Amino acid sequence: MHTELNYDTVFDAQQHFRLLLDSMSRPGKINDFPVIDMLPPEGLNQASALAGFALLNADVTYFIAGEDKQDIAHYLLVNTGAQQAAISEADYIFLPEGYEDFGLEAARIGIPTYPEDSATFIAGAALISEQPHEGALALTLRGPGVNGEAEVFVSGLSSAFLDFVKLQNAEYPLGTDLVIADRDNHILCIPRTNKFTYTKQGQTVNN
C-alpha cells in the first residue's frame, strides 16, 4: 500500500469537502466526485475512499465494519493519518456495500447537551440515481434543506441498515449522519435532521 500520488491533499480534499457539505445541506441532491486514477482496496469504493480523504485527519478516528479490514485500515492510515478506534468511540464508520445493521448499535448518537458528538456513517452502495433502476430502494426525504420532498433511488444499500438509521435518529437532535457513496462516484447525504421513508417491493416503510 502507498499514498495516492494522483490525489492532491489540498486541492482535491477541499473540493470534495465542499461537495460533501453541499450534499449534507441539501439532502436528496446527488453530487459527483471527479474520477481520480486510484485503486482503493476491495470493500472500499472510490467515492467512499474520497469521502474518507476529505473528512479524516490525525485528529479524528474511524471504524471499519465487516471483514477484511486490514488493507482498508492501512490505506486510510497512510493517506489520512487517522487512527482506528472502537465503534463506540469512532467519529466515522465505513460500511461496505450491502452491509446490514449487525454490530452497529454502539455507534455514537451524541448526548442531549452535546448532540453533535455523534458518528457519521459512510456507506458503500451500487448506484444512486434520480431514476428508478433494478434493485433500487426509493427514498423519500423530508426536512431542512428539502423543498417539500425529495426522491432518490439507491441500490446496494440494505433496508435493514436504513431501518437501523431511522431508529438511531428517532429522538432528534440525537442520531447519526449518513453519507452514501456509490461505485460511480455519486454521493448522497441524509443528515440526522431529516426524516425519510423508503419503498421496497411496493411497500412504504414510514418513519
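Student: Residue-level account of the pairing of strand 2 (residues 61–64), with values.
Tutor: Across two bridges, strand 2 lies against strand 3 (residues 83–84) in parallel orientation. Its bridge partner lying in strand 3, Tyr62 is registered against Gln84. Regarding topology, helix 3 (residues 70–80) serves as the crossover connection from strand 2 to the parallel strand 3, and that connection is right-handed.

Student: I'd like to hear about the nonpolar core, residue by residue, with values.
Tutor: Core analysis: the largest hydrophobic core is formed by 31 residues, its most contacted members being Leu20, Phe33, Leu56, Tyr62, Leu76, Tyr92 and Phe94. Every element with two or more residues in this core is listed here: helix 1 (11–25), helix 2 (46–55), strand 2, helix 3, strand 4 (92–95), strand 11 (177–182) and strand 12 (186–190). Of all the elements, helix 2 adds the most residues to this core, at seven residues. Not counting the four nearest positions on each side in its chain, Phe33 is found in contact with His16, Leu19, Leu20, Ala47, Leu50, Ala51, Asn185 and Ile187. Counting 30 residues, the second-largest nonpolar core is a separate cluster that includes Ala125, Val154, Phe161 and Ile180.

Student: So what about the sheet that holds strand 2? Which residues, and what values?
Tutor: Pairing is mixed in the open sheet, where seven strands are placed in the order 1-12-11-7-4-2-3. The open sheet terminates on both sides in strands that have one partner only, identified here as strand 1 (31–32) and strand 3. Along the sheet, helix 2 makes contact with strand 4, strand 7 (120–125), strand 11 and strand 12, crossing strand 7 at roughly 155°. Across the sheet, helix 3 is in contact with strand 2, strand 3 and strand 4; its angle to strand 2 comes to roughly 160°.

Student: Explain the packing of helix 2 against helix 3 to me, using residue names and the numbers behind them.
Tutor: Contact geometry of helix 2 with helix 3 gives a least axis separation of 10 Å together with a crossing angle of 40°. In terms of axis orientation, helix 2 runs oblique to helix 3. The crossing of helix 2 and helix 3 is right-handed. Contact with helix 2, carried on its side by Ala49, Gly52 and Phe53, involves Tyr75, Leu76, Asn79 and Thr80 of helix 3 and no other residues of that element. Its residues assigned to classes, the contact of helix 2 with helix 3 shows four nonpolar, three polar and no charged.

Student: I'd love a proper account of helix 3, names of residues and values included.
Tutor: Those residues of helix 3 lying buried are Ile72, Ala73, Tyr75, Leu76, Asn79 and Thr80. End-on view of helix 3: buried residues confined to an arc of 165°, all on one side of the axis. On the buried face of helix 3, the contacting elements are helix 2, strand 2, strand 3 and strand 4. The first or second residue beyond helix 3 is Gly81, which carries a positive phi of 80°.

Student: Could you give an account of the packing of aromatic side chains, with specific residues and numbers?
Tutor: In this structure the tally under the stated criterion is five aromatic pairs. Ring geometry for Phe121 against Phe161: centres 5.4 Å apart, planes inclined by 90°, an arrangement best described as edge-to-face. With Phe121 in strand 7 and Phe161 in helix 4 (residues 159–168), this residue pair connects regions lying 40 residues apart in the sequence. A single burial state applies to Phe121 and to Phe161, both of which are buried. Summarising the aromatic geometry, the rings of Phe121 and Phe164 are spaced 6.2 Å apart at their centres and angled 70° between planes, so their arrangement reads as edge-to-face.

What counts, and where the lines are drawn
Numbering of residues starts from 1 in each chain and follows the order in which that chain's sequence is written. pLDDT decides what is reported in this predicted model: residues at 70 or higher carry local features, side-chain atom pairs at 80 or more are listed and counted, and totals for whole chains, interfaces and linings draw on all residues regardless. Note that water and hydrogens are dropped before the side-chain values are worked out from all heavy atoms of the structure. Strands pair, by our definition, only if DSSP identifies at least two bridges between them. Each helix is a run of DSSP H or I of at least 4 residues and each strand a run of E of at least 2, with the numbering of both proceeding from the N terminus. A right-handed crossover is one whose linking path, passing over the helix from the first strand to the second, runs clockwise when the strands point away from the viewer. For the purposes of this section, nonpolar cores are sets of buried Ala, Val, Leu, Ile, Met, Phe, Trp, Tyr and Cys residues that join through side-chain atoms within 4.5 Å. Partly exposed residues are those whose accessible area sits between 20% and 50% of the maximum for their type, while under 20% is buried and over 50% is exposed, using a 1.4 Å probe and protein chains only. By definition, residues are in contact when any of their heavy atoms lie within 4.5 Å. Orientation is described by axes fitted as lines to C-alpha atoms, over the contacting stretch for helices, and by angles from 0 to 180 degrees between their N-to-C directions. Any angle between 65 and 115 degrees counts as roughly perpendicular, while under 35 counts as roughly parallel, over 145 as roughly antiparallel, and the rest as oblique. Handedness of a crossing follows from how the near helix is turned relative to the far one, being left-handed for an anticlockwise turn of less than a right angle and right-handed for a clockwise one. Residues are grouped as follows: nonpolar covers Ala, Val, Leu, Ile, Met, Phe, Trp, Tyr, Cys and Pro; charged covers Asp, Glu, Lys and Arg; every other residue, Gly included, is treated as polar. Arc, as used here, means the arc of the directions from the helix axis to the C-beta atoms. Think of it this way: a Phe, Tyr or Trp ring, Trp meaning its six-membered ring, pairs with another when their centres are within 6.5 Å, and the plane angle makes it stacked under 30 degrees, edge-to-face over 60, tilted otherwise.

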